[in-house]
Amino acid sequence: MDYLDRFQIKPGKEPDLKTYETDYDPQILTKAEGQEILADDIIKMAALQDKLYAGSQYSVLIILQGLDAAGKDGVIKHVMTGLNPQGVKVTSFKTPTIEELRHDYLWRHYLALPSKGEVGIFNRSHYENVLVTRVHPELILKENVPDITDLKNIDESFWEKRYKQINHFEKTLADNGTLILKFFLHLSKKEQEKRFLDRIEQPEKNWKFSEDDLKERGFWKDYRKAFEDMLGKTSTECAPWYVIPADDKWFTSLAIADIIYRNLENLKLTYPEVSKEQKVFLGKAKDELEHNT
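First, a word on scope: everything that follows refers to the structure included in this document. This one's a predicted model, so the numbers in the text were calculated from it and none came from an experiment.

1. Quick word on the packing of helix H3 (residues 72–79) against helix H11 (residues 249–266)
Moving on, step 1. Where H3 meets H11, the axes come as close as 10 Å, and the angle between the chain directions of the two elements is 60 degrees. In terms of orientation, H3 and H11 fall into the oblique class. For the element pair H3 and H11, the recorded crossing hand is right-handed. Contact residues: Val 75, His 78 and Val 79 in H3; Thr 252, Ser 253, Ile 256, Ala 257 and Ile 260 in H11.

2. Quick notes on helix H7 (residues 156–175)
Moving on, step 1. In this model, H7 (20 residues) spans 29 Å end to end at C-alpha, consistent with the 28 Å of a helix rising 1.5 Å per residue.
Moving on, step 2. Of the residues making up H7, those classed as buried are Phe 158, Trp 159, Arg 162, Tyr 163, Ile 166, Asn 167, Phe 169, Glu 170 and Leu 173.
Moving on, step 3. Among the structural elements, strand S2 (59–66), helix H5 (107–111), helix H6 (132–135), strand S5 (178–186) and helix H10 (220–234) are those in contact with the buried residues of H7.
Moving on, step 4. Downstream of H7 by a residue or two, Gly 177 has a phi angle that is positive, lying close to 100 degrees.

3. Quick word on the packing of aromatic side chains
Moving on, step 1. Summed over the entire model, instances satisfying the criterion amount to 9 aromatic pairs.
Moving on, step 2. Residues Tyr 127 and Trp 241 carry aromatic rings whose centres are separated by 4.9 Å and whose planes lie at 70 degrees to one another, so their mutual orientation is edge-to-face. One end of the pair, Tyr 127, is in the loop between strand S4 (119–123) and H6; the other, Trp 241, is in strand S6 (residues 241–245), with 114 residues separating them in the sequence.
Moving on, step 3. Looking at Tyr 127, the relative accessible area reads 0%, which means it is buried.
Moving on, step 4. Judged by relative accessible area, which is 0%, Trp 241 ranks as buried.

4. Some points on H11
Moving on, step 1. A rise of 1.5 Å per residue sets the reference length of H11, with its 18 residues, at 26 Å; its end C-alpha atoms lie 26 Å apart and thus fit the reference within 8%.
Moving on, step 2. Downstream of H11 by one or two residues, Lys 268 has phi in the positive range, about 55 degrees.

5. Considering empty space enclosed by the protein
Moving on, step 1. In total, this model carries 1 cavity of 30 Å³ or more according to the counting rule given.
Moving on, step 2. There is about 60 Å³ of room inside the largest cavity.
Moving on, step 3. Together, Met 45, Gln 49, Leu 52, Val 60, Ile 62, Met 80, Leu 83, Val 119, Ile 260 and Leu 264 line the largest cavity.
Moving on, step 4. The set of elements that each furnish at least two residues to the lining of the largest cavity consists of helix H2 (31–55), S2 and H11.
Moving on, step 5. Among the elements that line the lining of the largest cavity, the one with the most residues is H2, at 3 residues.
Moving on, step 6. In terms of residue class, the lining of the largest cavity is built from 9 nonpolar, 1 polar and no charged.

6. Remarks on a nonpolar patch on the surface
Moving on, step 1. On the surface, Val 274, Phe 281 and Leu 282 cluster together to form a nonpolar patch covering roughly 260 Å² of accessible area.
Moving on, step 2. Overall, the relative accessible area of 42% leaves Leu 282 in the partly exposed class.

7. Observations concerning a positive patch on the surface
Moving on, step 1. Positive charge collects at one region of the surface, where Lys 77, Lys 190, Lys 194, Lys 208 and Lys 249 lie side by side.
Moving on, step 2. Relative to the helices and strands, Lys 77 resides in helix H3.
Moving on, step 3. Assessed through its relative accessible area of 61%, Lys 77 is described here as exposed.

Rules used throughout
Throughout, residues of each chain are indexed from 1 in the direction in which the sequence is written. The model is predicted, so local features are restricted to residues of pLDDT at least 70 and side-chain atom pairs to those at 80 or more, both for listing and for counting; the totals for chains, interfaces and linings are taken over all residues. Excluded from the side-chain calculations are hydrogens and water; all other atoms, namely the structure's heavy atoms, are used. To obtain an axis, a line is fitted to C-alpha atoms, over the contacting stretch when the element is a helix, and the angle between two such axes runs from 0 to 180 degrees between their N-to-C directions. In DSSP terms, a helix is any run of H or I states spanning at least four residues, a strand is any run of E spanning at least two, and both are numbered starting from the N terminus. If an angle is under 35 degrees, it is roughly parallel; if it is over 145, roughly antiparallel; if it lies from 65 to 115, roughly perpendicular; otherwise it is oblique. Less than a right angle of anticlockwise turn of the near helix away from the far helix marks a crossing as left-handed, whereas a clockwise turn marks it as right-handed. Contacts are assigned to residue pairs that have any heavy atoms within 4.5 Å of one another. For a helix, the expected span equals 1.5 Å multiplied by the residue count minus one. Only protein chains enter the calculation, and the probe is 1.4 Å; a residue is then buried if its accessible area is under 20% of its type maximum, exposed if over 50%, and partly exposed in between. Aromatic pairing here means that ring centres of Phe, Tyr or Trp (its six-membered ring) are within 6.5 Å. Orientation follows from the plane angle: under 30 degrees is stacked, over 60 is edge-to-face, and everything else is tilted. Buried and open spaces are told apart on a 1 Å grid over the protein atoms alone, a cavity being a set of points where a 1.4 Å probe fits but cannot get out and a pocket being an open set with protein on both sides within 12 Å along at least five of seven lines. Residues with an atom within 4 Å of a point are the lining residues. Grid points are joined across faces, edges and corners, and a volume is the space filled by probe spheres set on the points. Under the scheme applied, nonpolar residues are Ala, Val, Leu, Ile, Met, Phe, Trp, Tyr, Cys and Pro; charged residues are Asp, Glu, Lys and Arg; polar residues are all the others, including Gly. The patches described consist of residues with a relative accessible area above 30% and no salt bridge, like charges being joined within 9 Å and nonpolar side chains (Val, Leu, Ile, Met, Phe, Trp, Tyr) within 5 Å. Per-residue and other accessible areas were derived by the Shrake-Rupley procedure at a 1.4 Å probe size, with only the shown protein chains allowed to occlude residues. The salt bridge definition used is simple: a Lys or Arg side-chain nitrogen within 4 Å of an Asp or Glu carboxyl oxygen. His residues and chain termini do not enter the charge count, which takes Lys and Arg as positive and Asp and Glu as negative. Charge positions are represented by NZ for Lys, CZ for Arg, CG for Asp and CD for Glu.

This is the structure we're talking about:
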């Protein structure tokens, strides 16, 4: 199955999320078969990550967005499990602090970007600034943006400007060697209810559920519209969005792993070339080690 084409939002397309699948039809692949493929993809990703780390020419930024209980933490746990933790940095973005609000909204995300050779994972990201704030525009007033003093100042042109700022931000990263992969975990309302009930009924999961989770569920249609606008305005050639069915966790992990692996493979990563001088040194070092033990 070509997940790259099946789930990618093409630039300029305005998606209707009601037409996108949230669960997987198991006619092509069983769960057991999928788990075997996932294990194989993780092994291949680990080999490519080793070259990425050694070469220090590219970095990888993986962005995970989705509604509460969509499975972002699970993807990080099951897809990234085989990677070298020395070269992986996971950042979860919560409500901005007072210090973060004293800067532009992209500042804290710049600070968390992966270095050359690293894989960076954003569990939620700069897109919260066109998602949560789109549903709750009163949060924008806390940012002290020039000329934004009242909710009536936050019109459609404001959001259009933000989409362009984010696109410019990501284009700059891509032009300087960052592979950007963005995943929207598309969860159904019914499955979210099931997962919320699971968190309530199982004591060891109680900590995962909060009053805000229930409150935000009441804005389901508003969030869907915000996601549709965001996906349509910010899926670009250099930083595409993928809408991944999230009702079946095993399939979510499989699809994301396969997309990451295929994109890493397209970088044509290699280990650094060793100079002639270095090869001479290595030969001498080998000889000394073998004959002076």
